[in-house]
Amino acid sequence: MTLGWTAFAHSLTKKKIKGRLTGLITLLFWSFIRDDGDKQGIAHQIALALRDEVVDL
């Protein structure tokens, strides 16, 4: 998702752009985790998704 928006923003200007990714802990605390959810497992899944975003960028 981030890569698409970054490409769009870059297409609007010749200047350098920079972005910001929300960190793992912030995303975890903003999430609505079910009562039966494993917080450590969910944190791991979020970390994998963030890693994919960073690799794409």
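Below: a short report on this structure. This one's a predicted model, so the numbers in the text were calculated from it and none came from an experiment.

1. A look at the overall build of the chain
Part 1: Within the chain, the regular secondary structure consists of 3 helices and 0 strands.
Part 2: When the helices and strands of the chain are placed in sequence order, the string is α-α-α.
Part 3: Against the globule reference of 10 Å for 57 residues, the chain gives a C-alpha radius of gyration of 15 Å, more extended than a compact globule.
Part 4: By its C-alpha atoms, the chain is 50 × 20 × 15 Å across when sized along the principal axes.
Part 5: The 57 residues of the chain split such that 9% are buried.
Part 6: Long-range contacts, defined here as pairs at least 24 residues apart, represent 42% of the contacts in the chain between residues at least 6 apart.
Part 7: Total accessible area on the chain is roughly 5,300 Å²; 61% of this is exposed by carbon and sulfur atoms.

2. Here we look at the environment of K18
Part 1: Secondary-structure assignment places K18 in the loop between α1 (2-11) and α2 (24-30).
Part 2: Residue K18 is classed as exposed on the basis of its relative accessible area, which comes to 83%.
Part 3: Along the chain, K18 and T6 lie 12 residues apart, while their C-alpha atoms are 8.4 Å from each other.

What counts, and at which threshold
Residues numbered from 1 in each chain as written. Predicted model: local features only at pLDDT ≥ 70, side-chain atom pairs only at ≥ 80, totals over all residues. Heavy atoms only, no water. Helix = DSSP H or I, 4+ residues; strand = E, 2+ residues; numbered from the N terminus. Rg over C-alpha atoms; globule rule 2.2 N^0.38 Å. Buried < 20%, exposed > 50% of the residue type's maximum accessible area, 1.4 Å probe, protein only. Contact = heavy atoms within 4.5 Å. Areas by Shrake-Rupley, 256 points an atom, 1.4 Å probe, with all protein chains shown as cover.

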